[in-house]
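One-letter residues, chain by chain:
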Amino acid sequence: MASGQEEQPDRRGPQQHGFVVARPFGIPVYVSPWPFIIACVFIAIWYANDLSGALSGGLRYAVAAAFVLLLYVSVLAHELSHSVVARSFGLPVRRILLHPLGGFSEIEREAPTPGREFAVAAAGPALSLALGALGWGLAQVAHYGVTGALVRQLMFANLVVAAFNLLPGLPLDGGRMLRAVIWKVTGRPNAATIAAAWVGRALAVALLAIPFFSGGLAGGDFVSGLWVIVIAGFMWVGAGQSIKATRFRERLPALQARRLARRAISVPASTPLAEAVRQADETGARAIVVVDHDNAPLGIVNEAAVMATPPQRRPWVDTGSMARTIEPAMVLSADLQGMALLDAIRRVPATEYLLVESSGEVVGVLAARDLDQVFAGG
Ligand SMILES: [Zn+2]
């Protein structure tokens, strides 16, 4: 049950998150129906089989269904615990995503101090432990029968959730706690993420080794072995994402619109392309803006379209036909940087943007591929 910030090193739009199934404390809880239904049916059948010695057919499936429902309610409570603590520190929570392997609390900002980071991360396992303790207490009262079995099973499940999530590697909660400790000791949050993510990868490899050494895959317990492989894969990928997100954050300061601006020349739309390219080459400009009679920008010439036009055709092509009309959202302040710059270009995906001063004066053109270069380089 990870929690964290959604910062992808690409420029995709909002992703599909499934349906909102509840809004506890005003936080929308999203579920992707199909993977979830498959997982629920799978777990219910597995658990019903486990009960086959003790219960008759119909009742067995009713108990198994109740178990699956309460299991995911436990997981949701774990996530809510992260989210509510985060919100109490003034960190906005965008949503909770529930998926078959657990949940994810999407918190919009990173905790400002290692102490708070530790508290947000520890809140989930603490709640799972509390639910486990509650189950243990109830089991002392309900010794026998269906209720007793169910309570014991849920107690066990919550203790497993707590123990697993306390493993000290990203993307698990224990990994975030470890990260907070390293951050506190070294004062370097990014280095702490990388270290905790590598511990996460080591744990994933160690987890993967279990079914092989115990003979789980070769023996009868094929399903458990498969389950461990899926979880190990989930951890490996999650740790990799943490590393990627950190590299991304480290590069953000280099994203400054003004620094990436390409010098541009202005030409009327009817200018032959060959002439516009000649003027650009002569002045060392790397972008061409199409302007009207009053010299106001109308469009930005698409670099790829120019490259695709053979030189012998360029005298016969109007520059205006190679330009994309400038929409209001394609005009950006030259002072934009970092996440604000990425957010601005996410709004209208384009290959080129016009950069202006607050006075409206044109600074130059921002090419999306120059932004990609910042992430690709080094
Ligand atoms: Zn958690």
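In short, a report on the structure. These numbers were taken from a predicted model, which means no experiment stands behind them.

## Here's the deal with the pairing of strand β12 (residues 362-367)
Thought 1: Bridge count between strand β11 (residues 352-356) and β12: five bridges; the pairing is antiparallel. The partner of Tyr-353 across the bridge, within β12, is Leu-366.
Thought 2: The turn linking β11 back onto β12 is made up of five residues, and Gly-360 within it adopts a positive phi angle of 100°.

## Some points on the sheet that holds strand β6 (residues 264-268)
Thought 1: If you trace the four strands from one edge of the open sheet to the other, you get β6-β7-β8-β9, paired in mixed fashion. Two strands bound the open sheet, and with one partner strand each, they are β6 and β9 (323-325). For this sheet, the mean inter-axis angle between neighbouring strands, taken without regard to orientation, is 35°.
Thought 2: In terms of strand pairing, strand β7 (residues 287-291) meets strand β8 (residues 297-301) through three bridges, oriented antiparallel. By the bridge assignment, Val-289 is partnered in β8 with Ile-300.

## With respect to the packing of aromatic side chains
Thought 1: For the coordinates displayed, the defined rule picks out zero aromatic pairs.
Thought 2: Lying over the aromatic face of Trp-198, Arg-201 brings its terminal NZ or CZ to 4.8 Å of the ring centre.
Thought 3: Over the ring of Trp-236 we find Arg-201, and its NZ or CZ is 4.3 Å from the ring centre.

## Structural notes on the side chain of Glu-106
Thought 1: Turning to its location among the elements, Glu-106 is positioned in strand β5 (residues 102-107).
Thought 2: Among the polar contacts made by the side chain of Glu-106, one reaches the side chain of Arg-95 at a distance of 2.6 Å.

## Digging into the packing of helix α3 (residues 114-141) against helix α5 (residues 173-186)
Thought 1: Where α3 contacts α5, the axes come no closer than 8 Å and their chain directions differ by 165°. One element, α3, and the other, α5, form an angle in the roughly antiparallel class. In terms of crossing hand, the pair formed by α3 and α5 is left-handed. For the pair α3 and α5, the contacting residues are Pro-114, Glu-117, Phe-118, Val-120, Ala-121, Ala-122 and Pro-125 in the first and Asp-173, Arg-176, Met-177, Arg-179, Ala-180, Val-181, Trp-183 and Lys-184 in the second.
Thought 2: A class-by-class count of the residues in the contact of α3 with α5 yields ten nonpolar, no polar and five charged.

## Here we look at unusual backbone geometry
Thought 1: Here Leu-170 and Pro-171 are connected by a cis peptide whose omega angle stands at 10°.
Thought 2: Of note, Pro-171 is situated in the loop between α4 (145-165) and α5.
Thought 3: Residues other than glycine seldom take positive phi values, yet Phe-25 does so here, at roughly 55°.
Thought 4: Looking at the secondary structure, you find Phe-25 in the loop between β2 (19-22) and β3 (29-31).
Thought 5: Within the chain, Asn-295 stands out as a residue other than glycine whose phi angle is a positive 70°.
Thought 6: For Asn-295, the position within the fold is in the loop between β7 and β8.

## Describing α4
Structural remark: α-helix, 3.6 residues per turn; residues separated by three or four positions point the same way.
Thought 1: Taking 1.5 Å per residue as the helical rise, α4 with its 21 residues ought to reach 30 Å, and the 30 Å between its terminal C-alpha atoms agrees with that figure.
Thought 2: Among all positions of α4, only Gly-148, Leu-150, Val-151, Leu-154, Met-155, Ala-157, Asn-158, Val-161, Ala-162 and Asn-165 are buried.

## Overview of the packing of α3 against α4
Thought 1: At a minimum axis separation of 8 Å, α3 and α4 run at an interaxial angle of 155°. Between α3 and α4, the angle is such that the two are roughly antiparallel. Handedness of the α3/α4 crossing: left-handed. Seen from α3, the contacting residues are Pro-125, Ser-128, Leu-129, Leu-131, Gly-132, Gly-135, Trp-136, Leu-138 and Ala-139; seen from α4, they are Val-151, Arg-152, Met-155, Asn-158, Leu-159, Val-161, Ala-162 and Asn-165.
Thought 2: Residues belonging to the contact of α3 with α4 are distributed by class as follows: eleven nonpolar, five polar and one charged.

## Description of the sheet that holds β11
Thought 1: Strand order across the open sheet formed by three strands is β10-β11-β12, with mixed pairing between neighbours. Either end of the sheet is taken by a strand with one partner, and the two such strands are β10 (331-333) and β12. Going from strand to strand, the sheet's axes swing by 35° on average, the running direction of each strand aside.
Thought 2: Docked against the sheet, helix α11 (residues 338-347) engages β10, β11 and β12, running at close to 170° with respect to β10.

Procedures and definitions
- Residues numbered from 1 in each chain as written.
- Predicted model: local features only at pLDDT ≥ 70, side-chain atom pairs only at ≥ 80, totals over all residues.
- Heavy atoms only, no water.
- Pairing = 2+ DSSP bridges.
- Helix = DSSP H or I, 4+ residues; strand = E, 2+ residues; numbered from the N terminus.
- Axes fitted to C-alpha atoms, helices over the stretch in contact; angles between N-to-C directions.
- Phe/Tyr/Trp six-rings, centres within 6.5 Å; stacked < 30°, edge-to-face > 60°.
- Lys NZ or Arg CZ within 6 Å of the ring centre and 35° of its normal.
- Polar contact = N/O pair within 3.5 Å; in protein donor to acceptor, adjacent residues only side chain to side chain.
- Parallel < 35°, antiparallel > 145°, perpendicular 65-115°, else oblique.
- Left-handed = near helix turned anticlockwise from the far one by under 90°.
- Contact = heavy atoms within 4.5 Å.
- Nonpolar A, V, L, I, M, F, W, Y, C, P; charged D, E, K, R; others polar.
- Expected span 1.5 Å × (residues − 1).
- Buried < 20%, exposed > 50% of the residue type's maximum accessible area, 1.4 Å probe, protein only.

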